[in-house]
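# Per-entry structural report
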Amino acid sequence: MNMRKLKEFIIEKLILLSGLASIFFVILIFLFLMKEGLALFNTIKVSAFLLGKSWYPISEPPLLGILPLILGSLLVTAGATVISIPIGVGAAIYIAEIAPGALKEILKGGIELLAAIPSVVLGFVGMVTLVPLVKNVFHLPTGLTALSGSIMLAFMAMPTIVSIAEDALYSIPKNYKEGALALGATHWQAIHRVMLPAASSGILAAIMLGIGRVIGETMAVMMITGNAAVIPQSILVPVRTLTATVAAEMGEAVVGSEHYFALFAIGIVLFIISFIINVTADLFLHKRQ
Amino acid sequence: MMRNPHRTQRIAFFLLLTATLLIVVPVGYILLVIIQKGLPAISWQFIFDIPRHGMKAGGIFPAIVGTIYLVSGAIAFALPIGLLGAVYLSEYSRDNILTRIIKLAIVNLSGVPSVVYGLFGLALFVVFFKFGASILSGSLTLGIMILPIIITTSREALESVPQSFREVSLSLGASKWQTIRNIVLPNAVPGILTGTILGLGRAAGETAPILFTVAAFYLPQLPGSIFDQAMALPYHLYVISTQVPNVDEKIRYGTAFVLLALVLFMNLVAIIIRYRFRKRKKW
Amino acid sequence: MVKLEIKNANAWFGHAHVLKNATLDVEEHEILSVIGPSNSGKTTFLRMLNRLNDLNPNYKMEGTVNLDGGNINRIGVELLRKKIGMVFALPLPLPLSIFENVAYGVRMHGTRDKNKIENVVEEALKQGYLWDEVKDRLGESAFKLSGGQQQRLCIARTLAVEPDVILFDEPCSGLDPISTAKVEDAMVKLKEKYTIVLVTNNVKQAARVGDRTAFFLSGELIEIDSTDKMFTVPKDKRTDGYIRGKFG
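Source: prediction; values computed, not measured.

Within chain C one finds ten helices and ten strands. The C-alpha radius of gyration computed for chain C amounts to 18 Å, which stays within 12% of the reference 18 Å derived for 248 residues, consistent with globular compactness. Dimensions of chain C, computed from C-alpha atoms along their principal axes, come out at roughly 55 × 40 × 35 Å. Relative to its 248 residues, chain C shows a buried fraction of 54%. Contacts in chain C between residues far apart in sequence, at least 24 positions, make up 66% of those at least 6 positions apart. Placing the 34 positive and 33 negative side-chain charges of chain C at their respective mean positions leaves the two points 3 Å apart.

Spelled out as structure tokens, the structure:
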């Protein structure tokens, strides 16, 4: 009996520790990014890092301004957002409200399938299909452009947007819609005058999490945006994002070099962006309840 | 002029359908392309041979094995912590600030960009713990990455076990842990399994977290221990599609096919388990 | 002899004061019926005795409850619940076989011996008047039994851990009249060995099986007396009103 009590005591402590593990790992990630990344600012000012216009990490001395990368990420993200919001929210409405039973399950399955495809596979498919298409349509020297990245990333954000927006629509009390229909509104009027406003904070959260997915996406974007670390003048030129820079260059950076520190500093920037997006989205989701 | 609401509705519904098709049709197209061009590349030799001639010929066996090792390691690390963490949230936590912070941490953990996991794994496991670029470092990195998936799905599974079962067990004088161990966990197994398999699928497909923690560009033999580097399928696909010029298209599509088949197979298994569980549910 | 001694018991869920200063005794080998309209605090009273209310994080209690003279907060909650068993309002079999449902509590209290468990299960099922109906299909899922059988299985499951006291929380609310009669018969026989507290919405049931009856209203114990007296010459007008069906 006492052995049992002891065993249970130990197990319950392990359960508590595991419960706290998520907090522990978030802090650990942040600390280790800081540990390696903050060393950069012994030699470079924060403003020179964030606003510097040149990223030449292997010149002598290295130029480590990430403004072109930030703009690259922003451009690709903005493009992806513009594409994915109408399509994603539209699909969410269609699936939640309009599609009949069997079709609904098929469509949901298709979107879950999309979420399951590894990003490197999507990147590969983008390389062999989308990139030549963009090149030919716009008569460009290369199809590896911000636009290609935006389209691909929009596609990758959609499962997130659709599923969370659909949940938001689904969780609206039925009598909202029925009330509108009883007053003689058409189904569409009920959707866009009553359902959409009621689900707005959930849909907003869906969009934010979709954007979060886009900003953090690495492999596909690295494979199809051309990786030119210059300030982009148009959406039809090659760009390089924050994530792609880290992924492409960390392999060559010498541990302890300024280049290495700078890549970790980019990691800090990415971590903070994703932290802000996720916390805000979570607040929106909780507001709904 | 009065707008006809029914015509507006028809137009709106047509646009919504178009939006949905714009997502679903490309998904079908992607699968079709990869199956059509990848399937012919699949042969006994492609699966079980090592890459040859600078990866322009031969097979992908070391990458398959590497991925299996990495995924197994990740799950061995993440499942116990994730499951116990879910038990904490479902059975022990109260509605307070701490619980709120834990949930927020899980949300954040699932939102951290995959390449940042790569950086973290590099800093902590490769450099700080001096594991080097190794299966161990890669598995641990992937393990932390899939932790939120396992916690979230397991927790849902645990919470779906009716409260009355717990009350009955406790009313018979069973302890809290006995109740969890004998009543709650066994009835949550299908849900936990689903989450675990989804986590496996995610770990198998990720590239960025393993870039600097384990992945070998080209390694003609199989890894011998958890301190060795290893090839991995997603990284191999990245390498032969962007880093090595003039690789036969067939090999690229074949690799993409194997990776996709592996990931989708795991998802399919998860869906089947979930479906059968729902049908069989006794309460 | 006094089995359970409740002194100045108060209970709250959050700010709601659901049990107000209840003081009463439960005698050994009696059936004490507890009646009252819904929200009168009778279920809270019952679940206070085996500390099942403790599962609710908003629950707070003051006062003392003694089992055989010892405070229930000091016995250790698992031993307390072994001694004070409970049968719930709805039949709640665990998702196990018939046999394992009855064996569950026994196993949880550390019995490993297979023969002993088999004996206990058989004995408990006999006491619950279920043995003849299920002896050939002990391995089947308990969910395959009818509602009445399930409820008797739950009684047998409670008996298997050899309690002193059994709490019944409206045990017949989901049952047809025939099943109800079987459960009531079982209760009357069980009081020879056990002490029984029966919470019921059914005044007639209280009259049929209760040795004594306690009437709760809005969290207050209005009256407690022998069932005969209570149902013929109640002291309190409110008791009279409730028994005659004027409210509730």
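Each partner contributes to the interface: chain B provides 19 residues, whereas chain C provides 26 residues. In total, chain B and chain C occlude about 1900 Å² of area from one another, counting both sides; carbon and sulfur atoms represent 67% of this. Of all residues in chain B, Val168, Ser171 and Leu172 of chain B give up the largest surface area on contact with chain C, accounting jointly for 32% of the area buried on that side. Taken together, chain B and chain C are joined by one salt bridge. Arg47 of chain C is the salt-bridge partner of Glu167 of chain B, the closest N and O atoms lying 2.9 Å from each other. Here chain B is connected to chain C by four residue pairs in polar contact (both at pLDDT 80 or more).

Moving on, we get to the packing of aromatic side chains. Overall, the coordinates contain 22 aromatic pairs over all chains when judged by the stated rule. Aromatic side chains Phe48 of chain B and Phe61 of chain B sit 5.4 Å apart centroid to centroid with 45 degrees between the ring planes, which places their arrangement in the tilted category. You can see Phe48 of chain B sitting in helix H2 (residues 44-48) and its partner Phe61 of chain B sitting in helix H3 (residues 61-92), a full 13 residues away along the chain. Phe61 of chain B gets classed as partly exposed once you look at its relative accessible area, which sits at 23%. Linked through ring pairs, Phe32 of chain A together with Phe120, Phe125, Phe128, Phe129, Phe131 and Phe227 of chain B together constitute an aromatic cluster. Residue placement shows Lys176 of chain B over the ring face of Tyr92 of chain B; its charged tip is 4.5 Å from the ring centre. The ring of Trp12 of chain C carries Lys60 of chain C above its face, with NZ or CZ at 4.5 Å from the centroid.

In this section: the pattern of salt bridges. Residues and elements named next belong to chain C. Taken as a whole and assessed by the stated rule, the structure comprises 30 salt bridges over all chains. Notably, a salt bridge pairs Lys42 with Glu170, separated by 3.9 Å at the nearest N-O pair. With Lys42 in helix H1 (residues 42-49) and Glu170 in the loop between strand E7 (165-169) and helix H7 (177-190), the pair connects residues that are 128 residues apart, well separated along the chain. A single network of salt bridges, built from pairs that share partners, joins Lys3, Glu28, Asp68 and Asp164.

With 77 residues of chain B in contact, the opposing surface of chain A contributes 78 residues. Carbon and sulfur atoms make up 82% of the surface buried where chain B meets chain A, a total of about 6600 Å² over both sides. Linking chain B to chain A there are two salt bridges. Here Glu112 of chain A makes a salt bridge to Arg274 of chain B, at a shortest N to O gap of 3.6 Å. Across the chain B-chain A interface, the total number found is six residue pairs in polar contact (both at pLDDT 80 or more).

Moving on, we come to the side chain of Thr195 of chain C. All names here are of chain C. Relative to the helices and strands, Thr195 is located in strand E8 (residues 195-199). Thr195 sits in the buried class, given a relative accessible area of 1%. Leave out the neighbours within four places in its chain, and Thr195 touches Lys3, Val26, Glu27, Glu28, His29, Glu30, Asp164, Val165 and Ile166.

Take the confidence of the model for chain B next. Residues at a pLDDT of 70 or more form 98% of chain B, whose mean pLDDT is 91. Strand E2 (residues 57-58) of chain B is the least confidently modelled element of chain B, averaging 82 in pLDDT, while helix H6 (residues 135-159) of chain B averages 96, the highest of any element.

With that settled, the discussion passes to the pairing of strand E1 (residues 2-13) of chain C. Residues and elements named next belong to chain C. The sheet contact formed by E1 and strand E2 (residues 16-27) spans eight bridges and is antiparallel. Following the sheet pairing, Ala9 is matched in E2 by Ala22. Hairpin connection, E1 to E2: the antiparallel pair is bridged by two residues, and Gly14 has positive phi, about 60 degrees. Here E1 runs beside strand E4 (residues 59-67); their pairing, made up of eight bridges, is antiparallel.

Turning our attention to the pairing of strand E10 (residues 220-226) of chain C. Residues and elements named next belong to chain C. Bridge count between strand E9 (residues 212-217) and E10: six bridges; the pairing is antiparallel. Paired with Phe215 across the bridge in E10 is Glu223. Between the antiparallel neighbours E9 and E10 lie two residues, among them Ser218 with a positive phi of about 50 degrees.

With that out of the way, let us pick up the nonpolar core. Ile266 of chain A together with Ile6 and Phe45 of chain C are the most contacted members of the largest nonpolar core, which totals 236 residues. In terms of residue count, helix H6 (residues 146-170) of chain A provides more of this core than any other element does, 15 residues in total. Excluding residues that lie within four positions of it along the chain, Phe45 of chain C makes contacts with Ile6, Leu19, Leu24, Val34, Val197 and Phe216 of chain C. Grouped together as the second largest cluster of nonpolar side chains are 34 residues, Ile98, Leu153, Phe168 and Met187 of chain C included.

With that settled, the discussion passes to unusual backbone geometry. Across residues other than glycine, the phi torsion is negative in most instances, and most of the peptide bonds are trans. Of the consecutive residues Glu60 of chain A and Pro61 of chain A, the connecting peptide bond is found in the cis state with omega at -5 degrees. Mapped onto the elements of the fold, Pro61 of chain A is located in the loop between strand E1 (55-56) and strand E2 (63-64). Phi at Lys130 of chain B is positive, roughly 60 degrees, even though this residue is not glycine. Inspection of the secondary structure puts Lys130 of chain B in the loop between helix H5 (114-128) and H6. Overall, the relative accessible area of 69% leaves Lys130 of chain B in the exposed class. Even without being a glycine, Glu170 of chain C presents a positive backbone phi close to 45 degrees.

The subject of this paragraph is the environment of Val209 of chain C. Structurally, the position occupied by Val209 of chain C is in helix H8 (residues 203-209). The spacing of Val209 of chain C and Leu198 of chain C is eleven residues in sequence and 9.1 Å in space, taken between C-alpha atoms.

Calculation rules
Residues numbered from 1 in each chain as written. Chains lettered and ligands numbered in written order. Predicted model: local features only at pLDDT ≥ 70, side-chain atom pairs only at ≥ 80, totals over all residues. Heavy atoms only, no water. Helix = DSSP H or I, 4+ residues; strand = E, 2+ residues; numbered from the N terminus. Rg over C-alpha atoms; globule rule 2.2 N^0.38 Å. Buried < 20%, exposed > 50% of the residue type's maximum accessible area, 1.4 Å probe, protein only. Contact = heavy atoms within 4.5 Å. Lys, Arg positive; Asp, Glu negative; His and termini not counted. Charge placed at Lys NZ, Arg CZ, Asp CG, Glu CD. Buried area = accessible area lost by both parts, 1.4 Å probe. Salt bridge = Lys/Arg side-chain N within 4 Å of Asp/Glu carboxyl O. Polar contact = N/O pair within 3.5 Å; in protein donor to acceptor, adjacent residues only side chain to side chain. Phe/Tyr/Trp six-rings, centres within 6.5 Å; stacked < 30°, edge-to-face > 60°. Lys NZ or Arg CZ within 6 Å of the ring centre and 35° of its normal. pLDDT = per-residue confidence, 0-100. Pairing = 2+ DSSP bridges. Core = buried A, V, L, I, M, F, W, Y, C linked by side-chain atoms within 4.5 Å.

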